[in-house]
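# Remarks on the overall topology
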Protein chains: 2
Amino acid sequence: MGARRGLTDAALDRASPVPLYYQLAENLETAIRSGSLSSGSHLENEVELARQLRVSRPTVRRAIAVLANRGLVIRRHGIGTLVVPVRVRRPVRLSSLFDDLAESGQTPTTRLLAYEVVPAPPDVSTSLQLPRGMRVLHFERLRLASGQPISLMRNFVPLALKEVVTEEGLQLTGLYRLLRQSGIHLRLASQSIGARSAQPRETRLLKVIRSAPLLTMRRISYGDAGQPVEYGSHVYPAERYSFEMSVVADSRT
Amino acid sequence: MGARRGLTDAALDRASPVPLYYQLAENLETAIRSGSLSSGSHLENEVELARQLRVSRPTVRRAIAVLANRGLVIRRHGIGTLVVPVRVRRPVRLSSLFDDLAESGQTPTTRLLAYEVVPAPPDVSTSLQLPRGMRVLHFERLRLASGQPISLMRNFVPLALKEVVTEEGLQLTGLYRLLRQSGIHLRLASQSIGARSAQPRETRLLKVIRSAPLLTMRRISYGDAGQPVEYGSHVYPAERYSFEMSVVADSRT
DNA sequence: GAGGTCAGGTTGTCATGACAACTGGTTTCT
DNA sequence: AGAAACCAGTTGTCATGACAACCTGACCTC
């Protein structure tokens, strides 16, 4: 039952503004991903872990809860906490394609195809909870990764964000990063994933064959206060893109 | 700030085996979905809620955390807890298509196209963490909703489950229900959603036009102990199916 | 030998208490 | 009048303590 090293090494910093439970969760995640906590093995039990790290058991539990939510460990009543014996890949997070590509080491670029103020189409005004026909900012982007087109994105945002979502900004970075830099934090999104055949214009822009299958994603994002911030309708060439996610069962069912 | 009725009505049952926090979460969810807690309104603050219901504040917080995870409310430090002002629909849960269809009032039926023991293909044995070439149970089903084909499903499970996953069972109900009835509870799945064109055989079975776009889902499900239970490779006609999900941001980011 | 029983270890639930951090409005000061 | 400081209200974090529920393996009984 030994081999508990690596946890006490990266000690917790009580002076840090980062909560203890979160520091602990990150340390544990690092230990798991690096392999120092091998797959299928037991985590040290909560009481002992709390004693070693000089924190309370609720703090330990909360840290483990974070990991369980991410699908990295499984808790079993009366047994212990097990490290999930697989690599579960990047979940569908509330993140931008731009950041995802950048993180995975690619160099995303953007071609801005449209940037204009238009009256909101019916479904957009409904989604953004605006009066019918209210004017909104609309833009369309072609996203390339290492020179290859990987997504065609149409977006609508309320006109108030025109100063935040600028033409220059969109060409240089991702939408979500622009929003975040202006203090707008997205908290929630509802999205729908489907598929359809490419239309002629899409065929040309995405460089796929005629009627090639495309993945489609429709997303409405909401900010801190629950206000709708963005409506997006994106398409991806199916042969170059897929959505990966891990699903965790409700602990009670 | 009145109008708090409906919460104290459905009182908490301390004798019930269902945890208090979960009872409270369900009561709150019912109140939200029924509209008695209107969209955008504040929830009563935690301290007061705890006092009224005669529970501790951590219990209230845990209940609210459940709702926040489901995307029904948004918590804001220093402000309060807001009811999300939108309808966020059924997320991608760890559930079977059969149950989903049944719940939405349709009458799912199944045509069992194959049921056999075969050596595991390489990707299957890897996914199920079995030795190369180990024999597994393979079956293929065509799922219809109200008579219309809606999914073609290929699955592989370890041979040990042959007694659980029977031919008769598969024709009458869904795979997940069969597993659950035998005490196998799925806890986690990793899945990948993509798209491609229909092959001739799929065109015929799913009754779609030649090369019609299909949604594809590959899923590996894991049981209580983290052991792989099922490998599934499913396709859906894009014009009759889409995946809906809500994404909640990590509270720390 | 087979079965039931029990003990030990583990996570699950809940209470109480305290202080920190944040937000928005009000008040006060310049 | 404008800006800064303050304050009340709220959620966020953490500690301590206690008991319940559950699983496994060892032991005992039949």
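That block above? That's the structure.
These notes cover the structure that comes with them. (Residues numbered from 1 in each chain as written. Chains lettered and ligands numbered in written order. Predicted model: local features only at pLDDT ≥ 70, side-chain atom pairs only at ≥ 80, totals over all residues. Heavy atoms only, no water.)

### Section: the protein's contact with DNA strand D
To be explicit about the condition: Proximity criterion: a residue is near a molecule or strand once any of its heavy atoms comes within 4 Å of it. Definition of a polar contact: a pair of N or O atoms within 3.5 Å, with one able to donate and the other able to accept a hydrogen when the atoms are protein atoms, and with sequence-neighbouring residues admitted only if both atoms are side-chain atoms. Secondary structure follows DSSP: runs of H or I at least 4 residues long count as helices, runs of E at least 2 residues long count as strands, and numbering of each begins at the N terminus. Charged residues are taken to be Asp, Glu, Lys and Arg, nonpolar residues to be Ala, Val, Leu, Ile, Met, Phe, Trp, Tyr, Cys and Pro, and polar residues to be all remaining types, Gly included.
With respect to spatial proximity, 27 residues lie near DNA strand D, and among them A:L20, A:S56, A:T59, A:R62 and B:R61 are the closest. Taking all atoms of DNA strand D within 4 Å of the protein, the share assigned to sugar and phosphate is 71%. Between DNA strand D and A:L20 there is a distance of 2.3 Å, counted from a phosphate oxygen to a backbone nitrogen or oxygen. B:E46 has a polar backbone atom sitting 2.9 Å from a phosphate oxygen of DNA strand D. If you list the elements that add at least two residues to the surface near DNA strand D, you get α1 (20–34) and α3 (57–69) of chain A together with α2 (46–53), α3 (57–69), β1 (73–76) and β2 (80–83) of chain B. If one sorts the elements of the surface near DNA strand D by residue count, α3(A) sits on top with 4 residues. Residue composition of the surface near DNA strand D, by class: 8 nonpolar, 9 polar and 10 charged.

### Thoughts on the sheet that holds strand β5 (residues 148–158) of chain B
Stated precisely, the cut-off is as follows: Paired strands, as defined in this entry, are two strands with at least two bridges between them according to DSSP. In this analysis, axes come from line fits to C-alpha atoms, helices being fitted only over the stretch in contact, and the angle between any two N-to-C directions falls in the range 0 to 180 degrees.
Across the sheet, 7 strands lie side by side as β9(A)-β6(B)-β7(B)-β8(B)-β5(B)-β4(B)-β3(B); this open sheet has antiparallel pairing. The strands lining the two open edges of the sheet, one partner per strand, are β9 (243–248) of chain A together with β3 (108–119) of chain B. Between one strand axis and the next, the sheet turns by 20 degrees as a mean value, whatever way the strands run. Two strands pair when backbone bridges link them, and β5(B) and strand β8 (residues 228–237) of chain B are joined in this way by 5 bridges, in the antiparallel orientation. Bridge pairing in β8(B) places B:N155 opposite B:G232.

### Side note on the pattern of salt bridges
Which entries qualify depends on this criterion: By salt bridge we mean one thing: a side-chain nitrogen of Lys or Arg within 4 Å of a carboxyl oxygen of Asp or Glu. The rule is simple: take the accessible area with a 1.4 Å probe, protein chains only, and divide by the maximum for that residue type; under 20% is buried, over 50% is exposed, in between is partly exposed.
According to the stated counting rule, one finds 14 salt bridges over all chains in the structure shown. Its salt-bridge partner being B:R75, residue B:E46 comes within 2.4 Å of it at the nearest N-O pair. Taken together, the positions of B:E46 in helix α2 and B:R75 in strand β1 put the pair 29 residues apart, joining distant regions of the chain. The exposure class assigned to B:E46 is buried, which follows from its relative accessible area of 14%. For B:R75, a relative accessible area of 22% corresponds to the partly exposed category. Across the pair B:E202 and B:R196 runs a salt bridge, and its minimum N-O distance is 2.8 Å. On the accessibility criterion, B:E202 (7% relative accessible area) is buried. Note on B:R196: relative accessible area 28%, which makes it partly exposed. Each of A:E46, A:R57, A:R61 and A:R75 takes part in a single network of salt bridges with overlapping partners.

### A closer look at the relation of the copies chain A and chain B
Heads up, the condition is: When the copies are superposed, the least-squares fit draws on C-alpha atoms of residues that have pLDDT of at least 70 in both. Whether two residues touch is decided by their heavy atoms; if any such pair falls within 4.5 Å, the residues are in contact.
With an RMSD of 0.1 Å, chain A superimposes on chain B once it is rotated by 180 degrees and translated 0.0 Å along the axis. As the rotation angle and translation indicate, the two copies are arranged about a two-fold axis. Closest to the rotation axis within chain A is the C-alpha of A:P213, separated from it by 2.6 Å. Mapped onto chain B, 100% of the interface residues of chain A are again interface residues, and the two copies thus contact each other with one and the same surface.

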